[in-house]
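Structural features, examined
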Amino acid sequence: MATIVGAVTTSHVPSIGGAIARHQEGSDYWKPFFDGFDAIHAWLREAKPDVAVVIYNDHGLNFFLDKMPTFAVGAAGEYRNADEGWGIPVLPPFPGDPALSWHIIETLVAREFDPVTCQEMLVDHAFTLPMKLLYPDVEAWPVKSVPICINTVQHPLPSAARCYRLGQAIGDAIRAWPGDARVLVVGTGGLSHQLDGKRAGHINKDFDLKFMESLTEDPEWATRFTNRELIAEVGTQGIELLMWLAARGTLGPRARRLHSNYHIPISNTAGGTMLLAA
Ligand code: DHB
Ligand code: FE
């Protein structure tokens with residue numbers, strides 16, 4: 001049976017790619033964020049996952065406003081990155097795991113989640129930068145991947161409660177997979193930030209820290225908020241924390257925090273990173 005070795009959750013702003021391209025990881029501005037990955041690199045060397053199930057939100061690269069699925073699962077043999085207009089290098093293609101993708105899709109449809117299934121899928125910064133943060137020095141990606149998208153771009157968005165339950169279904173699917181895969185779950189987005197409108201620049205450290213603590217202390221805490229309430233707390237793009245909740249849902253009722261980091265700001269965003277094990 002497949003095992004979920006743990007979950008990593010992290011923010012994903014495009015300027016991380018710029019910092020990597022300019023070798024600024026050790027600069028005063030970036031060091032507090034990049035240093036948050038040292039413990040995760042050490043843990044990955046021991047945990048040795050061979051598949052990453054990456055829960056993220058596409059920002060207009062693969063899906064645009066004309067066709068916006070609430071949930072989508074990649075089922076391709078390979079996922080390519082493409083220029084999103086940020087001027088950062090495009091990362092090499094990521095190998096897929098179509099058999100595991102279809103197994104997850106079958107479970108999700110049986111559990112009435114009905115995702116869009118994508119046999120071709122471009123992956124944007126929300127997928128590629130977290131992978132580069134996890135594996136900064138590799139020549140070839142050491143994991144196959146299954147990209148899972150949750151819409152946080154065009155309303156209506158799925159509720160926090162539904163995203164948590166989606167994560168539970170993904171976790172059940174992985175644990176029922178007959179292969180002996182060692183699966184890492186990744187959830188990318190957030191934490192608090194707002195890029196547009198009157199509250200552009202909004203950050204809510206108190207809520208972010210409470211949310212991070214809730215993932216181990218009371219994982220259903222955030223599911224009691226409506227999306228309007230969450231957006232009021234963490235900003236229009238801070239709602240990307242739904243990815244963290246879905247990733248947490250894969251781990252089952254109890255999870256241990258092995259590591260966390262929180263730093264304001266990275267770009268316009270409160271940068272958070274957590275490593276959780278079931
Ligand atoms: C920023 C944050 C995001 O989550 C994103 O997708 C794009 C930009 C930012 O802080 O600049
Ligand atoms: Fe984003």
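Scroll up to find the structure.
Everything numeric here is computed off the predicted structure, so don't read it as measured data.

At their nearest, the axes of helix α4 (residues 98–110) and helix α6 (residues 160–175) sit 9 Å apart, and the two run at 130° to each other. It follows from the interaxial angle that α4 and α6 lie oblique. For the element pair α4 and α6, the recorded crossing hand is right-handed. Each of His103, Ile104, Thr107 and Leu108 in α4 lies in contact with α6, whose residues at this interface are Leu166, Ala169, Ile170, Ala173 and Ile174. The residue makeup of the contact of α4 with α6, split by class, is seven nonpolar, two polar and no charged.

Before going further, it helps to spend a moment on the site of ligand 1. All residues adjacent to ligand 1 are His12, Val13, Pro14, His59, His125, His193, Leu195, Glu240, Ser267, Asn268 and Thr269. Between ligand 1 and Asn268 there is a distance of 2.8 Å, counted from an oxygen atom to a side-chain nitrogen or oxygen. Protein chains shield 93% of the accessible area of ligand 1, which is 290 Å² for the free molecule. Its residues assigned to classes, the shell around ligand 1 comprises three nonpolar, seven polar and one charged.

A few words now on helix α8 (residues 227–234). Looking at α8, one finds that the buried residues are Asn227, Leu230, Ile231 and Val234. Seen along its axis, α8 keeps its buried residues to an arc of 100°; they face one direction. Check the buried side of α8 and you find it contacts α6, α7 (205–217) and α9 (242–249). Trailing α8 by a residue or two, Gly235 shows a phi angle of about 95°, which is positive.

We now examine the pairing of strand β1 (residues 3–10). Burial within β1 is extensive, with seven of its eight residues counted as buried. Pairing of β1 with strand β8 (residues 182–188), which is carried by seven bridges, proceeds in the parallel orientation. Directly across from Val8, in β8, lies its bridge partner Val186. For β1 and strand β10 (residues 269–277), the ladder comprises four bridges, and the chain directions are antiparallel. Bridging from a neighbouring strand, Ala7 pairs with Leu276 of β10.

Now for the coordination of the iron ion (ligand 2). Every protein donor of the iron ion (ligand 2) is listed here as His12 (NE2), His59 (NE2) and Glu240 (OE), and their distances to the metal cover 2.0 to 2.2 Å. The sequence pattern describing where the donors of the iron ion (ligand 2) fall on their chain is H-x46-H-x180-E. Of this pair, His12 sits in the loop between β1 and α1 (15–21) while Glu240 sits in the loop between α8 and α9, and the two are 228 residues apart along the sequence. A residue is classified by how much of its surface remains accessible, and His12, at 3% relative accessible area, is buried.

Analysis parameters
- Residues numbered from 1 in each chain as written.
- Chains lettered and ligands numbered in written order.
- Predicted model: local features only at pLDDT ≥ 70, side-chain atom pairs only at ≥ 80, totals over all residues.
- Heavy atoms only, no water.
- Axes fitted to C-alpha atoms, helices over the stretch in contact; angles between N-to-C directions.
- Helix = DSSP H or I, 4+ residues; strand = E, 2+ residues; numbered from the N terminus.
- Parallel < 35°, antiparallel > 145°, perpendicular 65-115°, else oblique.
- Left-handed = near helix turned anticlockwise from the far one by under 90°.
- Contact = heavy atoms within 4.5 Å.
- Nonpolar A, V, L, I, M, F, W, Y, C, P; charged D, E, K, R; others polar.
- Near = heavy atom within 4 Å.
- Polar contact = N/O pair within 3.5 Å; in protein donor to acceptor, adjacent residues only side chain to side chain.
- Areas by Shrake-Rupley, 256 points an atom, 1.4 Å probe, with all protein chains shown as cover.
- Buried < 20%, exposed > 50% of the residue type's maximum accessible area, 1.4 Å probe, protein only.
- Arc of directions from axis to C-beta.
- Pairing = 2+ DSSP bridges.
- Donors = N, O, S within 2.8 Å, 3.2 Å for Na, K, Ca; no water.

Purely geometric numbers; function is a separate question.
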